[in-house]
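Fold and geometry: a report
Listed below are the residues making up each chain.
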Amino acid sequence: MNMAQSPLELRHLRTLLTLARTGSLTDTARELHLTQSAISYQIKALEAHYGCALFARKSAPPRFSPAGQRLLQLARQMQQAQAEAEQDLQRIVRAEAGQLRISVACHSSFDWLLPANEGFRERWPDVSLDFLLGWQAEPVALLREHKADLVILSEPIQPQDVVLHPLFSFEIVAVLPKAHPLLQRAVLEPQDFIGETLISYPLPDHRLDLVHKVLRPAGIEVRRRTVELTAAIIQLVALRQGVAALPAWSVSDYAGKGYVETRRITAEGLRCDLFAATRAAQADEPFVQDFLQEVRLAAAERVTPVAAVMAES
């Protein structure tokens, strides 16, 4: 037996699977659109090569020998592998000309989204990218209503019909006007916000990390003023209309130019975890997974170093 020149092919395995299922050479030949003599020739060629019988000739249905059983096992494994590969190929083909509508509430997210888009567009030129801007009361609803394909979240919610993909973590810092009395402190604690006006995005309290992670547990309530744009929040803080709590990366340029000052919130730092949510049916699409990886790479270059620097201030 010369294994280097094995005659075994997928058509032989298909023949054995069909024979095991039909129990008849005649039915096997009919189903595979071959003559019975062609089926017999395939089997005899394998038996001659391996030097053993694959099944008892006069048994009905055929009783496979140990060698035949082993080839049947291989045939079933190959059948499963082929089916999975063909499903993957279909997904890849569909993905090559798809769309990815991304819901982004925070405009400052484009600091890391734009670099991610560049790498993604080079590899997936036929995937249409679009962005849904503005604050959404129920962002996951956009997925269910098929108005968005990917939603950026800062809450680890995971309904049964949605898949959550971890992206990265970052630090949220307090943003203060120049010469504010709180700048005398290196780190701000919950009580330091008493009497201050918090300028924030128009989100409910449970979606504001400073409120639900720091202030509420300490029993502290603050006045709120809301605006949608990060630049507008910075402007109002600079005009001494209040204080803010923003991602470190989104305020670093303004602080670097001296428009505002920043301080860490609590000794441990106020960290936020960012996630992407997709519909379960799209979670494993190749272009979706590739976009998520691009986001993580962009964040590693642009977000993490900024957060680390701000954390040491």
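Before any of the text, the structure's been laid out above.
Attention in this report is confined to the structure presented alongside it. Please read these numbers as outputs of a predicted model, since none were measured by experiment.

Analysis parameters
- Residues numbered from 1 in each chain as written.
- Predicted model: local features only at pLDDT ≥ 70, side-chain atom pairs only at ≥ 80, totals over all residues.
- Heavy atoms only, no water.
- Helix = DSSP H or I, 4+ residues; strand = E, 2+ residues; numbered from the N terminus.
- Buried < 20%, exposed > 50% of the residue type's maximum accessible area, 1.4 Å probe, protein only.
- Contact = heavy atoms within 4.5 Å.
- Areas by Shrake-Rupley, 256 points an atom, 1.4 Å probe, with all protein chains shown as cover.
- 1 Å grid on protein atoms, 1.4 Å probe; cavity = no way out; pocket = protein on both sides within 12 Å on 5 of 7 lines; lining within 4 Å.
- Points joined across faces, edges and corners; volume = space filled by probe spheres on them.
- Nonpolar A, V, L, I, M, F, W, Y, C, P; charged D, E, K, R; others polar.
- Axes fitted to C-alpha atoms, helices over the stretch in contact; angles between N-to-C directions.
- Parallel < 35°, antiparallel > 145°, perpendicular 65-115°, else oblique.
- Salt bridge = Lys/Arg side-chain N within 4 Å of Asp/Glu carboxyl O.
- Core = buried A, V, L, I, M, F, W, Y, C linked by side-chain atoms within 4.5 Å.
- Pairing = 2+ DSSP bridges.
- Left-handed = near helix turned anticlockwise from the far one by under 90°.
- Phe/Tyr/Trp six-rings, centres within 6.5 Å; stacked < 30°, edge-to-face > 60°.

1. Section: the overall build of the protein chain
Across its full length, the protein chain carries 11 helices and 12 strands. A total of 313 residues make up the protein chain; the buried ones form 46% of that total. Summarising the internal contacts of the protein chain: among those between residues at least 6 apart in sequence, 73% fall at separations of at least 24. Total accessible area on the protein chain stands at roughly 16,500 Å², and carbon and sulfur atoms take up 52% of it.

2. What about the side chain of D192?
Within the secondary structure layout, D192 lies in the loop between β7 (187–188) and β8 (197–200). In this structure, D192 is in contact with L182, R185 and V187, ignoring residues within four places of it in sequence.

3. Topic: the layout of surface pockets
Taken as a whole, the largest pocket encloses approximately 170 Å³ of empty space. In terms of lining, the largest pocket is formed by L10, L13, R14, L17, T18, R21, A75, M78, Q79 and Q82. Of all elements in the fold, only α1 (10–22) and α4 (66–95) reach the threshold of two or more residues within the lining of the largest pocket. Here the lining of the largest pocket gets six residues from one element, more than from any other, and that element is α1. Counted by class, the lining of the largest pocket contains five nonpolar, three polar and two charged residues.

4. Re the packing of helix α2 (residues 25–32) against helix α3 (residues 36–50)
Relative to each other, α2 and α3 sit at 105 degrees, their axes nearing to 8 Å. When the axis of α2 is compared with that of α3, the two are roughly perpendicular. Here α2 contributes L25, T26, T28, A29 and L32 to the contact with α3, which in turn contributes Q36, I39, S40 and I43. Tallied by class, the residues present in the contact of α2 with α3 amount to five nonpolar, four polar and no charged.

5. Remarks on the pattern of salt bridges
Close approach of charged atoms lets side chains of opposite charge pair. In total, this model carries 16 salt bridges according to the counting rule given. Residue D161 pairs with R144 through a salt bridge whose shortest N-O separation is 2.9 Å. Residue D161 is located in the loop between β5 (150–153) and β6 (162–176), and its partner R144 is located in helix α6 (residues 139–144); the two are separated by 17 residues in the primary sequence. For the salt bridge of R279 with D149, the shortest nitrogen-to-oxygen distance reads 2.7 Å. Linking R279 in strand β12 (residues 270–279) with D149 in the loop between α6 and β5, this pair joins segments that are 130 residues apart in sequence. The two residues R279 and D149 agree in class, both being buried.

6. Here's the deal with the nonpolar core
Counting 59 residues, the largest nonpolar core has L100, W112, I152, F168 and F291 as the members making the most contacts within it. For this core, the leading source of residues is β6, giving eight residues. When neighbours within four sequence positions are excluded, L100 is seen to be in contact with F120, V127, S128, L129, D130, D149, L150, F287, V288 and F291. Counting 15 residues, the second-largest nonpolar core is a separate cluster that includes L13, L16, I39 and Y50.

7. What about the pairing of β6?
Burial analysis of β6 places 12 of its 15 residues in the buried class, the great majority of the element. Here β6 pairs with β12 via 10 bridges, running antiparallel. By the bridge assignment, P166 is partnered in β12 with F275. Sheet topology note: the β6/strand β10 (residues 244–247) ladder contains four bridges and is antiparallel. What sits directly across from I172, in β10, is P247. In this sheet, strand β11 (residues 261–265) lies alongside β6 in antiparallel orientation, the contact comprising four bridges. What sits directly across from L176, in β11, is E261.

8. What to know about the packing of α1 against α2
Think of two packed helices as two axes; the pair is described by the angle between the axes and how far apart they sit. Interaxial distance between α1 and α2 falls to 9 Å at its minimum, and their mutual angle equals 130 degrees. Relative to α2, the element α1 lies oblique. The crossing of α1 and α2 is right-handed. Two secondary-structure elements touch here, α1 through R14, T15, T18, L19, R21 and T22 and α2 through L25, D27, T28, E31 and L32. Partitioning the contact of α1 with α2 into residue classes produces three nonpolar, four polar and four charged.

9. Here's the deal with the packing of aromatic side chains
Here the structure, examined in full by the defined rule, presents seven aromatic pairs. Plain terms: the ring middles of F120 and W124 are 6.4 Å apart, the flat faces sit at 25 degrees to each other, and that makes the pair stacked. Each member of the pair, F120 together with W124, is buried. With a centroid separation of 6.1 Å and an interplanar angle of 55 degrees, the aromatic rings of F168 and F170 are classed as tilted. Here F170 falls in the buried class, since its relative accessible area comes to 4%. Connected via pairs of aromatic rings, a cluster forms that spans F120, W124, F287 and F291.

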